[in-house]
Amino acid sequence: MTKLLRASKAGFPCMRNLYYSVNGYDGTVSPKSQRIFDVGTYLEPLAVEWLRQDGWVVDYNQGSQNAPLELTIPVKGGVLAGHPDCFISRPDGLQNVLADIKTMNDRAFTLWKREGTIKAKPQYVDQLHIYALGAVLNGRNIEHLAVVGINKNNSDMHIDVFDFDNERAERIAERAQLIFSLDNPPSDNSPAENWCCPYCEFSAQCDIFTPPVSQKANATNTPNGTDNPDVIEALVNLASARAIAKHARELEDNAKSVLDAHVRRNGMASVQGGGFICSISQRASSRFDTAAFKKLHPDLANQFTKQSVSVVYDIKEVTA
């Protein structure tokens with residue numbers, strides 16, 4: 001059996017996920033994830049119509065995974081393959097642009113629009129490079145690559161155009177060859193994998209990911225247990241979000257320590273590098289000393305103290 005790696009999967013950060021994918025393991029997609037995919041599929045033809053209304057000439061490969069044009073790239077050990085969405089051009093502008101249509105929620109769209117595909121969505125870049133390689137092998141002239149993004153919250157549309165990168169294409173092919181050559185799942189347990197684990201369709205087969213007890217079948221035997229897939233996914237997402245936020249705070253604290261040592265203490269008010277500019281300044285602020293006021297004027301403090309109620313979500317992994 002020829003091993004096959006889909007272009008849409010090639011940029012996924014977890015090597016174990018790709019190993020399971022190319023070796024025919026059955027994945028389990030949550031109902032919510034399937035609905036998200038379906039929404040993107042149904043919005044795709046509408047995005048094509050919007051492109052045409054905006055003056056683009058669109059050669060649309062309609063049909064998603066059943067589209068008539070499938071591009072393939074043979075590499076050692078298997079094949080890279082995928083169905084490109086469309087080829088677009090403007091009569092008075094860009095020509096021969098291979099484009100992929102992506103739908104995003106507002107947060108993801110805003111980040112992608114601000115930072116660009118190469119930085120914010122590298123997996124999309126890898127996907128388009130595979131399409132481009134296949135298109136060239138198929139005799140098609142490709143001058144640029146693009147992601148057409150649709151904001152699902154407000155229907156905003158943005159197009160990010162970027163160039164083909166030969167070195168990146170070579171790295172993608174080398175990574176695919178490595179995955180095809182593996183006899184067992186790679187043992188590397190990188191931070192990227194940990195981040196991906198709760199969303200992985202192969203988590204049931206993977207021995208790195210140990211689902212919380214709340215995800216196991218016997219969770220319904222407890223008084224407050226549930227097997228509702230939407231609730232379980234929400235619990236996993238909340239736990240993952242808390243872990244990501246903690247990691248983000250640690251990254252920020254470490255970054256500030258480095259900037260303090262190498263920039264601020266050297267008397268510099270700003271620094272630029274890596275495509276970023278950072279300004280460093282001190283800001284004075286005044287605050288009301290509630291503790292001191294309560295100590296000096298307890299009756300007055302009680303008189304103007306207003307009780308408020310908030311909802312707190314504490315989450316931790318069940319270990320037994």
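Everything here concerns the structure above.
This write-up is about the structure you can find in this document.

So, how was this worked out
- Sequence positions are assigned chain by chain, starting from 1 and proceeding in written order.
- Since the coordinates come from a predicted model, pLDDT governs what is reported: local features require at least 70, and pairs of side-chain atoms require 80 or more to be given and counted, while whole-chain, interface and lining totals use all residues.
- Excluded from the side-chain calculations are hydrogens and water; all other atoms, namely the structure's heavy atoms, are used.
- The helix and strand labels rest on DSSP assignments: H or I over at least four residues marks a helix, E over at least two residues marks a strand, and numbering proceeds from the N terminus.
- Each radius of gyration reported is based on C-alpha atoms, and the globular scaling rule is 2.2 Å times the count of residues to the power 0.38.
- Summary of the burial criterion: residues with accessible area below 20% of their type's maximum are buried, those above 50% are exposed, and those between are partly exposed, where the area comes from a 1.4 Å probe applied to protein chains only.
- Contact between two residues is taken to exist if any of their heavy atoms lie within 4.5 Å; hydrogens are not considered.
- The protein chains shown are the only cover counted for residues, whose accessible areas, like all others here, come from Shrake-Rupley with a 1.4 Å probe.
- Just so you know, the count uses Lys and Arg for positive and Asp and Glu for negative, and it drops His and the chain ends.
- For charged residues, the charge sits on one atom: NZ in Lys, CZ in Arg, CG in Asp, CD in Glu.
- In plain words, nonpolar cores are sets of buried Ala, Val, Leu, Ile, Met, Phe, Trp, Tyr and Cys residues tied together by side-chain atoms within 4.5 Å.
- Salt bridges are identified by distance alone: a Lys or Arg side-chain nitrogen within 4 Å of an Asp or Glu carboxyl oxygen.
- A pair of strands is treated as paired once DSSP finds two or more bridges between them.
- Axes, fitted as lines to C-alpha atoms, cover a helix only where it is in contact. Angles between the N-to-C directions of the axes lie from 0 to 180 degrees.
- The cut-offs work like this: below 35 degrees is roughly parallel, past 145 is roughly antiparallel, 65 to 115 is roughly perpendicular, and the gaps in between are oblique.
- In this classification, Asp, Glu, Lys and Arg are treated as charged, Ala, Val, Leu, Ile, Met, Phe, Trp, Tyr, Cys and Pro as nonpolar, and every other residue, Gly included, as polar.

## Some details on the overall build of the protein chain
Piece 1. Within the protein chain one finds 11 helices and 10 strands.
Piece 2. Here the C-alpha radius of gyration of the protein chain, 25 Å, is well above what a compact globule of 320 residues would show, namely 20 Å.
Piece 3. Along the first, second and third principal axes, the C-alpha set of the protein chain runs to 85 × 55 × 40 Å.
Piece 4. For the protein chain, the proportion of its 320 residues judged to be buried stands at 32%.
Piece 5. Looking at the protein chain alone, contacts between residues at least 24 apart form 64% of all its contacts between residues at least 6 apart.
Piece 6. Carbon together with sulfur atoms contributes 52% to the accessible area of the protein chain, which is approximately 20,500 Å² in total.
Piece 7. Positive and negative charge centroids in the protein chain, built from 33 and 37 side chains respectively, lie 8 Å apart.

## With respect to the nonpolar core
Piece 1. Core analysis: the biggest nonpolar cluster contains 33 residues, and Leu5 and Leu98 have the highest contact counts within it.
Piece 2. Within the residue set of this core, elements represented by two or more residues are helix H1 (7-10), helix H2 (15-22), strand E3 (71-75), strand E6 (97-104), helix H4 (106-115), helix H6 (122-137), strand E7 (144-151) and helix H7 (166-181).
Piece 3. Considering each element in turn, this core owes the most residues, seven residues, to H6.
Piece 4. Beyond its immediate chain neighbours, meaning those up to four positions away, leucine 98 contacts Pro84, Cys86, Phe87, Leu128, Tyr131, Ala132, Ala135, Ile142, His144, Leu145 and Ala146.
Piece 5. Judged by nonpolar contacts, the second largest core, of 14 residues, contains Val58, Tyr60, Ile88 and Ile101.

## Section: the pattern of salt bridges
Piece 1. In this structure the tally under the stated criterion is 10 salt bridges.
Piece 2. The salt bridge involving aspartate 100 is made with lysine 102; its shortest N-O contact spans 3.0 Å. Of the two residues, aspartate 100 and lysine 102, neither departs from the other in class, the shared state being buried.
Piece 3. A salt bridge links glutamate 252 to lysine 256; the shortest N-O distance between them is 3.0 Å. Of the two residues, glutamate 252 and lysine 256 are both situated in helix H9 (residues 229-262); the distance of four residues between them amounts to about one turn of the helix.

## Section: the sheet that holds strand E2 (residues 57-60)
Piece 1. Strand order in this open sheet of five strands is E2-E5-E6-E7-E8, and the pairing throughout is mixed. Looking at which strands have only one partner, the edges of the open sheet turn out to be E2 and strand E8 (157-162). The average angle at which neighbouring strand axes cross in this sheet is 30°, direction not considered.
Piece 2. Sheet topology places E6 next to E7; eight bridges connect them, and they run parallel. In the sheet register, leucine 98 faces E7, and the bridge partner there is leucine 145.
Piece 3. Contacts from helix H3 (residues 31-53) reach E2, strand E5 (86-89), E6, E7 and E8, with the element oriented near 150° to E2.
Piece 4. This element, H4, spans E6, E7 and E8 of the sheet and lies at about 145° to E7.

## Examining the packing of H3 against H9
Piece 1. Two elements in contact, H3 and H9, have axes separated by 9 Å at closest approach and are oriented at 90°. When the interaxial angle is binned, H3 and H9 end up roughly perpendicular. Counting all contacts with H3, which are made through Pro31, Lys32, Ser33 and Arg35, the residues of H9 involved are Pro229, Asp230 and Glu233.
Piece 2. Class assignment of the residues belonging to the contact of H3 with H9 gives a composition of two nonpolar, one polar and four charged.

## Regarding the sheet that holds strand E1 (residues 3-6)
Piece 1. Judged by pairing direction, the sheet is mixed, and its three strands sit side by side in the order E1-E4-E3 without closing on themselves. Each edge of the sheet is formed by a strand with only one pairing partner; in this case those strands are E1 and E3. Adjacent strand axes in the sheet meet at a mean angle of 25° when their direction is disregarded.
Piece 2. Bridge count for E1 against strand E4 (residues 78-82) is four bridges, and the pairing is parallel. Looking at E4, one finds that leucine 5 is bridged to leucine 80.
Piece 3. Most of the contacts of H6 go to E3, to which it runs at about 95°, and overall it touches E3 and E4.

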